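Breakdown of the fold
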Amino acid sequence: MDIFQIAAVGIIGMVLAMMLKRDTPLFAILVSLAVALLIFLLIVPQLAGLVSLIDIITTYLSSGQEYIMVVVRIIGIAYIAEFAAQICQDAGEGAIAAKVALAGKVLIMGVAAPVIISLVEQVVMIIP
């Protein structure tokens with residue numbers, strides 16, 4: 001799937017949602033959600049390729065593989081939180097979108113905490 005097809009799906013969905021927003025706002029939200037889901041499904045094959053790339057990178061690393069997985073989790077959390085927040089924002093729920101974004105940031109800090117602790121331990125060992 002190339003970017004032109006994905007862009008076309010997005011533009012067609014946006015025009016359809018704009019047409020529906022005036023008369024039936026609920027259907028406009030559902031169209032936006034359906035288009036977002038369709039675009040996500042269209043990029044799943046690319047995500048599978050990225051996962052295999054990460055597997056290749058981890059095979060070359062003798063140590064630090066757990067750090068790669070932390071980075072992958074952080075990226076996943078960031079993408080999912082942003083995706084959900086944008087859908088909430090499109091639905092006119094800015095307050096909920098902000099809370100979803102905040103939750104994503106808190107979860108990222110939770111996932112990153114062991115790496116931060118390990119880094120601080122390394123620094124403390126170097127500086128007596």
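Criteria and thresholds
Residues numbered from 1 in each chain as written. Predicted model: local features only at pLDDT ≥ 70, side-chain atom pairs only at ≥ 80, totals over all residues. Heavy atoms only, no water. Axes fitted to C-alpha atoms, helices over the stretch in contact; angles between N-to-C directions. Helix = DSSP H or I, 4+ residues; strand = E, 2+ residues; numbered from the N terminus. Parallel < 35°, antiparallel > 145°, perpendicular 65-115°, else oblique. Contact = heavy atoms within 4.5 Å. Nonpolar A, V, L, I, M, F, W, Y, C, P; charged D, E, K, R; others polar. 1 Å grid on protein atoms, 1.4 Å probe; cavity = no way out; pocket = protein on both sides within 12 Å on 5 of 7 lines; lining within 4 Å. Points joined across faces, edges and corners; volume = space filled by probe spheres on them. Domains from an automatic or database assignment. Expected span 1.5 Å × (residues − 1). Bend = angle between axes of the 7 residues up to and from the residue. Patch = residues over 30% accessible without salt bridge, like charges linked within 9 Å, V, L, I, M, F, W, Y side chains within 5 Å. Areas by Shrake-Rupley, 256 points an atom, 1.4 Å probe, with all protein chains shown as cover. Salt bridge = Lys/Arg side-chain N within 4 Å of Asp/Glu carboxyl O.

Below, the discussion takes up the packing of helix H2 (residues 25-60) against helix H3 (residues 65-90). Interaxial distance between H2 and H3 falls to 13 Å at its minimum, and their mutual angle equals 170°. Between H2 and H3, the interaxial angle falls into the category roughly antiparallel. Residue-level inspection shows Leu33, Ala36, Leu37, Ile54, Ile57 and Thr58 of H2 in contact with H3, the latter providing Gln65, Ile68, Val72, Phe83 and Ile87. For the contact of H2 with H3, the residue count by class is nine nonpolar, two polar and no charged.

Considering only enclosed or pocket space, the largest pocket measures out at about 1100 Å³ in volume. Lining the largest pocket are 36 residues, and of these Phe40, Ile43, Tyr79, Ile80 and Phe83 sit closest to its centre. Contributing elements (two or more residues each) for the lining of the largest pocket: helix H1 (3-23), H2 and H3. If one sorts the elements of the lining of the largest pocket by residue count, H2 sits on top with 16 residues. Here the lining of the largest pocket is built from residues that sort into 26 nonpolar, six polar and four charged. Residue-level mapping places the lining of the largest pocket at the junction of two domains, with at least three residues from each of domain 1 (1-45) and domain 2 (61-128).

Attention now moves to the domain arrangement of the chain. We note that the domain assignment places domain 1 (1-45) and domain 2 (61-128) within the chain. Of note, the centres of domain 1 and domain 2, computed from C-alpha atoms alone, are 28 Å apart.

Counted at 1.5 Å a residue, the expected span for helix H4 (residues 94-126) with its 33 residues is 48 Å, and the 46 Å between its end C-alpha atoms agrees. Along its length, H4 reaches its greatest deviation from straightness, about 45°, at Ala112, and the proline Pro114 lies no more than four positions downstream. Buried residues along H4 sit in contact with H3.

Together, Leu37, Phe40, Leu41, Val44, Leu47, Leu50, Leu53, Ile57, Leu61 and Phe83 give the surface a local cluster of nonpolar side chains, amounting to about 830 Å² of exposed area. Per-element accounting of the nonpolar patch gives the leading share, eight residues, to H2. For Phe83, the position within the fold is in helix H3.

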